[in-house]
Amino acid sequence: MKTVVLGIGNPGRRDDGLGWALVNEINRGQARNSLDNKKGGQAPISREIGACPLFIEWKYQLNIEDAHAIKDADLVVFADAAREGEAPATLAELAPAAEISFSTHALSPAAVLALAEELYGRAPQAFLLAIRGYDFDLGEGLSPQAAANLEAALALLADFLASF
Amino acid sequence: MARKITIEPITRVEGHGKVTVHLDDAHKVTQSRFHIVEFRGFERFVQGRPYWEAPVLVERLCGICPVSHHLAAAKATDVIVGLGEEGLSPTAEKMRRLMHYGQMFQSHALHFFHLASPDLLFGADADPAIRNVIGVILHHRDLAVRAVLLRKFGQEVILATAGKKIHGTGAIPGGINKNLSPEERDSFLKGPAPFNIETMIQWTAEAVEFFKGFHKKNKGLIDGFAAFPSNHLSLVRKDGALDFYHGILRAVDAKGKKVLDDVDYQAYLDHIGEEVRPWSYMKFPYLRRLGKVDGWYRVGPLARLNTCDFIPTPLAQKEFEIYKAYTKGRPNNMSLHTHWARLIELLHSGEVIRDLLLDPDLQGSELVRKGKKRREGIGLVEAPRGTLFHHYQVDENDQVSMANLIVSTTNNNEPMNRAVDWVARNVLDGKAEITEGMLNRVEIAIRAYDPCLSCATHAVGQMPLEVELYDAAGALLDRRAR
């Protein structure tokens with residue numbers, strides 16, 4: 001099963017980097033797993049998410065080529081910061097939806113799915129992992145509340161993938 | 001499992017465009033303005049950081065054209081590390097050029113197929129439900145498939161030259177940190193069709209033909225919509241050739257007279273001023289020689305094809321001659337011809353990428369040159385949307401003490417206002433409400449310039465557009481948002 005996790009956002013805008021931070025954590029966990037497996041040790045479980053390796057990407061925003069990137073996936077998770085909504089994080093299924101766009105600068109996850117469906121004949125099953133953020137000002141690093149929400153989002157994702 | 005549509009609560013930090021139109025008692029337009037609602041000074045993000053971090057830090061300005069910021073900052077730091085008359089090594093210069101033209105290629109392809117083609121194919125009065133990229137797929141599948149692959153090709157060029165898709169580190173002060181391996185080169189030159197440069201060039205040539213065919217049938221719309229005279233500014237190569245990476249500053253007026261030429265951009269402050277107007281967060285640049293009232297100018301594809309004398313690749317030059325002949329050699333001031341100019345630049349970018357790939361200097365080993373350190377540097381490039389200025393001063397600890405950035409969208413601030421004003425006076429005038437078709441036309445006018453509100457506002461995110469109509473007493477008559 002091919003699972004793709006796209007972390008969306010800008011780490012130069014504090015909590016807007018939550019999507020990247022999540023993918024960073026997955027990346028670190030997978031790197032450790034790989035290293036430990038080579039050494040014959042047990043894979044650490046703190047950041048182990050899902051039984052299969054995840055294909056991860058860091059994105060400032062989504063665009064048309066992402067339809068190509070997800071076309072062969074079985075499952076896609078779009079991880080993004082949320083300015084509103086429930087804390088610490090929510091996971092909700094997405095359906096393809098065409099949209100009007102004022103600019104070339106971003107597409108919604110639903111529009112990427114719609115593109116994949118129309119261009120390649122299928123859209124993978126997809127979910128939006130919305131992690132609540134609070135501080136979107138210029139700067140690096142997550143706010144303490146957002147960092148806590150990230151931990152919860154990782155746990156939520158791990159549980160979800162384990163049961164999927 | 002049943003599927004459901006979820007829109008909320010996804011968010012991005014939002015840049016925000018707003019158009020306000022004021023009417024008199026007879027509903028005649030008295031004033032229209034294009035506002036950028038959010039503004040945050042990105043410059044302070046760079047201040048206090050070591051100058052060598054600037055080329056990577058500034059990539060966070062924009063997820064669409066990070067390479068332009070990366071290279072403009074790198075060029076400024078070239079000056080700071082004392083790069084002399086001899087300039088970059090041939091390998092470094094050509095690697096940067098390949099990166100930059102890859103960026104131009106992917107950005108121009110995206111704009112045309114994603115933004116311009118729905119408007120052109122379906123018209124301003126089409127149902128918004130089909131006037132989008134999905135509509136293009138349904139009605140012109142080949143165009144849409146090509147759009148994705150053209151953009152992907154440009155991005156792969158960026159990956160091979162910058163080292164990463166995001167936060168590339170390819171350009172460093174005084175040079176570049178990697179060359180192009182023969183394997184990377186061959187993947188672009190000899191990749192299985194369609195993913196090779198020859199196919200990409202062929203597709204871009206066909207895109208130019210597509211536009212010309214459309215133009216022949218729709219001259220009224222393309223020529224007349226939001227057309228107005230202006231000055232035009234860009235970098236050009238010393239000999240007058242179109243050049244996106246380096247050159248001298250040149251500006252021409254609406255009739256083609258050179259009002260700025262052969263200007264070393266290290267002296268840009270002597271020639272470019274930035275006016276602050278109380279109603280806008282975004283500044284209004286102007287040519288000092290012509291003053292604040294008359295000195296405003298356009299940048300971007302339309303401006304570049306007005307300032308340059310020729311295009312130094314054969315296929316694009318042939319198209320340039322046809323394009324220039326249409327205005328009898330005079331400057332082209334028709335906003336929607338920006339799409340035509342953009343496609344010619346797309347074709348040119350493909351040709352340049354091919355020529356660079358065939359150049360053995362890309363496999364050279366001299367990557368960095370340095371000289372006597374300076375405390376100030378200015379870097380300019382022609383970004384996809386127009387001229388991009390980066391200016392830094394550093395203190396005795398090598399930290400950035402001053403940063404000034406003029407992004408393409410800021411350069412186009414007045415032209416975008418003029419384009420919106422054209423729509424207001426020609427479409428909204430006499431009306432007390434905003435229809436869907438009117439909103440579409442406002443969008444089409446702004447889209448020709450493809451403003452990067454993210455850059456201009458120094459935020460990243462979606463850019464909703466609002467149009468508001470006010471009566472003579474200042475009361476809101478109607479509002480539409482998208």
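This text goes with the structure placed above it.
Residue indices follow the written sequence of each chain, beginning from 1 at its first position. Think of it this way: whatever chain is written first is A, whatever ligand is written first is 1, and the rest follow in order. Side-chain atom pairs in this predicted model are given and counted only at pLDDT of 80 or more, local residue features only at pLDDT of at least 70, and totals for whole chains, interfaces and linings cover all residues. Processing note: side-chain calculations cover all non-hydrogen atoms of the structure and skip hydrogens and water entirely.

Participant: Summarise the overall build of chain B; cite the residues concerned and give the values.
Facilitator: Every helix listed is a DSSP run of H or I at least four residues long, and every strand listed is a run of E at least two residues long, numbered separately from the N terminus. Scanning chain B for helices and strands turns up 18 helices and 15 strands. Radius of gyration: C-alpha atoms only; globule rule: 2.2 Å multiplied by the number of residues to the exponent 0.38. Whereas a compact globule of 482 residues would reach a radius of gyration of roughly 23 Å, chain B reaches 22 Å, a difference of no more than 12%. Expressed as lengths along the three principal axes of its C-alpha atoms, the size of chain B is roughly 70 × 60 × 50 Å. Buried means the residue's accessible area, taken with a 1.4 Å probe over protein chains only, is under 20% of the maximum for its type, while exposed means over 50%, and partly exposed covers the values in between. Looking at chain B as a whole, 64% of its 482 residues are labelled buried. In this analysis, two residues are considered to be in contact whenever any of their non-hydrogen atoms come within 4.5 Å of each other. Sequence separation of at least 24 residues holds for 70% of the intrachain contacts in chain B that already meet a minimum separation of 6. Within this scheme the basic residues Lys and Arg register as positive and the acidic residues Asp and Glu register as negative, but His and the chain ends are omitted. A charged residue contributes its charge at one atom only: NZ of Lys, CZ of Arg, CG of Asp or CD of Glu. The average position of the 62 basic charges and that of the 59 acidic charges among the side chains of chain B differ by 1 Å.

Participant: Go over the sheet that holds strand 15 (residues 476-481) of chain B, please, and point to the residues and values.
Facilitator: All names here are of chain B. Across the sheet, which stays open at both edges, the 4 strands sit in the order 2-1-14-15 with mixed pairing between neighbours. For this open sheet the edge positions go to strand 2 (29-36) and strand 15, each flanked by a neighbour on one side alone. On average, each strand axis in the sheet is inclined to that of its neighbour by 15°, with strand direction left out of account. Any two strands with at least two DSSP bridges between them are considered paired. Pairing of strand 1 (residues 17-23) with strand 14 (residues 465-470) involves 6 bridges; the strand directions are parallel. Between N-to-C directions, angles cover 0 to 180 degrees, with each direction set by a line fitted to C-alpha atoms, over the stretch in contact for helices.

Participant: Talk me through the environment of Glu-366 of chain B; I want residue IDs and the actual numbers.
Facilitator: Residues and elements named next belong to chain B. Mapped onto the elements of the fold, Glu-366 is located in the loop between helix 14 (337-357) and strand 11 (376-383). Residues Glu-366 and Val-394 lie 28 residues apart in sequence; the distance between their C-alpha atoms is 27 Å. The residues contacting Glu-366, other than those within four sequence positions of it, are Ser-89, Thr-91 and Ala-92. Any pair of nitrogen or oxygen atoms within 3.5 Å is treated as a polar contact; in protein, a donor-acceptor pairing is required on top of that, and neighbouring residues in sequence qualify only through side-chain atoms on both sides. Polar contacts involving the side chain of Glu-366 include one to the side chain of Arg-369, which spans 2.7 Å.

Participant: Just give me the short version of the nonpolar core, but keep the residues and values in it.
Facilitator: Phe-78 and Leu-115 of chain A together with Val-19, Leu-305 and Tyr-392 of chain B are the most contacted members of the largest nonpolar core, which has 155 residues in total. Element by element, the count of residues in this core is highest for helix 4 (residues 90-122) of chain B, at 14 residues. Once you skip the residues sitting within four places of it in the chain, Phe-78 of chain A turns out to touch Leu-6, Ile-8, Leu-62, Leu-94, Pro-109, Leu-113, Ala-126, Phe-127, Leu-128 and Leu-129 of chain A. For this analysis, a nonpolar core means a set of buried residues of the types Ala, Val, Leu, Ile, Met, Phe, Trp, Tyr and Cys, connected via side-chain atoms within 4.5 Å. Counting 24 residues, the second-largest nonpolar core is a separate cluster that includes Val-77, Ala-146, Leu-154 and Leu-157 of chain A.

Participant: Give me the lowdown on the packing of aromatic side chains, citing residues and values where you can.
Facilitator: Ring pairs shown here join Phe, Tyr and Trp side chains whose ring centres sit within 6.5 Å, with only the six-membered ring taken for Trp; geometry is labelled stacked below 30 degrees between planes, edge-to-face above 60, and tilted in between. One pass over the structure, following the stated rule, counts 16 aromatic pairs over all chains. Ring geometry for Phe-105 of chain B and Phe-153 of chain B: centres 6.1 Å apart, planes at 65°, overall edge-to-face. Residue Phe-105 of chain B is found in helix 4, and its partner Phe-153 of chain B is found in helix 6 (residues 141-162); the two are separated by 48 residues along the sequence. Judged by its relative accessible area of 0%, Phe-153 of chain B is buried. Put simply, the rings of Phe-105, Phe-153, Phe-188 and Phe-195 of chain B pair up and form one aromatic cluster. Lysine NZ or arginine CZ positioned within 6 Å of the ring centre and within 35 degrees of the ring normal marks a charge as sitting over the ring. Here the guanidinium or amino end of Lys-71 of chain A rests over the ring plane of Tyr-120 of chain A, the centre of that ring lying 5.5 Å away. The side chain of Arg-298 of chain B reaches across the aromatic face of Phe-228 of chain B, ending 4.2 Å from its centre.

Participant: An account of the sheet that holds strand 1 (residues 3-8) of chain A is requested, with residue identities and associated values reported.
Facilitator: All names here are of chain A. With mixed pairing, 5 strands are arranged side by side in an open sheet as 2-1-3-5-4. Among the strands making up the open sheet, the edge pair consists of strand 2 (55-59) and strand 4 (89-94). Direction aside, neighbouring strands of the sheet carry axes that sit 20° apart on average. In the sheet, strand 1 pairs with strand 2 via 5 bridges, with the strands oriented parallel. Among the inter-strand pairings, Gly-7 is bridged to a residue of strand 2, identified as Trp-58. On top of the sheet, helix 4 (residues 144-163) reaches strand 1, strand 3 (75-82), strand 4 and strand 5 (125-132); it is set at about 155° to strand 5, its chief contact.

Participant: Give me the packing of helix 16 (residues 413-428) of chain B against helix 17 (residues 436-447) of chain B: which residues, what numbers.
Facilitator: Residues and elements named next belong to chain B. Two elements in contact, helix 16 and helix 17, have axes whose closest approach is 9 Å; the angle formed by their N-to-C orientations is 155°. As the angle between them shows, helix 16 and helix 17 are arranged roughly antiparallel. When you trace helix 16 past helix 17, the crossing you get is right-handed. Contacts from Met-416, Ala-419, Val-420, Val-423, Val-427 and Leu-428 of helix 16 reach helix 17 at Met-438, Arg-441, Val-442, Ala-445 and Ile-446. Only Asp, Glu, Lys and Arg are considered charged in this grouping, and only Ala, Val, Leu, Ile, Met, Phe, Trp, Tyr, Cys and Pro are considered nonpolar; every other residue, Gly among them, is considered polar. Split into classes, the residues belonging to the contact of helix 16 with helix 17 amount to 10 nonpolar, no polar and 1 charged. To sort the angles, those under 35 degrees are grouped as roughly parallel, those over 145 as roughly antiparallel, those from 65 to 115 as roughly perpendicular, and the leftovers as oblique. Here a crossing is taken to be left-handed if its near helix is turned anticlockwise relative to the far helix by less than a right angle, and right-handed if that turn runs clockwise.

Participant: Please set out the pattern of salt bridges residue by residue, giving values where relevant.
Facilitator: Residues and elements named next belong to chain B. Here a salt bridge means any side-chain nitrogen of Lys or Arg lying within 4 Å of a carboxyl oxygen belonging to Asp or Glu. Applying the stated criterion across every chain, the model contains 39 salt bridges over all chains. For Arg-97, the salt bridge goes to Asp-243, with nearest N and O atoms at 3.0 Å. Within this pair, whereas Arg-97 is found in helix 4, its partner Asp-243 is found in the loop between strand 5 (231-236) and strand 6 (248-252), the two being separated by 146 residues in sequence. Residue Arg-97 is classed as buried on the basis of its relative accessible area, which comes to 15%. The buried category is assigned to Asp-243, whose relative accessible area is 3%.

Participant: Residue-level account of the environment of Arg-289 of chain B, with values.
Facilitator: Residue and element names in this part refer to chain B. Note on placement: Arg-289 falls in the loop between strand 9 (284-287) and helix 11 (291-294). Spatially, the C-alpha atom of Arg-289 lies 8.5 Å from that of Leu-260, the residues being 29 residues apart in sequence. Here the side chain of Arg-289 touches Val-259 through a polar contact of 2.7 Å, landing on its backbone oxygen.

Participant: Requested: an account of the environment of Phe-228 of chain B, with residues and values cited.
Facilitator: All names here are of chain B. In this structure, Phe-228 sits in the loop between helix 9 (219-224) and strand 5. Exposure remark for Phe-228: the relative accessible area of 11% places this residue in the buried category. With 26 residues separating them along the chain, Phe-228 and Ala-254 place their C-alpha atoms 9.0 Å apart. With near-sequence residues (within four places) excluded, Phe-228 lies in contact with Trp-296, Arg-298, Asn-333, Ser-335, Pro-415, Arg-418, Ala-419 and Tyr-449.

Participant: An account of helix 4 of chain A is requested, with residue identities and associated values reported.
Facilitator: All names here are of chain A. The length a helix should cover is 1.5 Å for every residue beyond the first. The terminal C-alpha atoms of helix 4, which comprises 20 residues, lie 29 Å apart, in line with the 28 Å expected from a rise of 1.5 Å per residue. Looking at helix 4, one finds that the buried residues are Ala-146, Asn-149, Leu-150, Ala-153, Leu-154, Leu-157, Phe-160 and Leu-161. On an axial view of helix 4, the arc spanned by its buried residues comes to 150°, and they lie on one face. Away from its buried face, by an angle of more than 90 degrees, helix 4 presents the exposed residues Pro-144, Asp-159, Ala-162 and Ser-163. When we speak of the arc, we mean the arc of directions from the helix axis to the C-beta atoms.

Taken by themselves, the reported measurements are silent on function.
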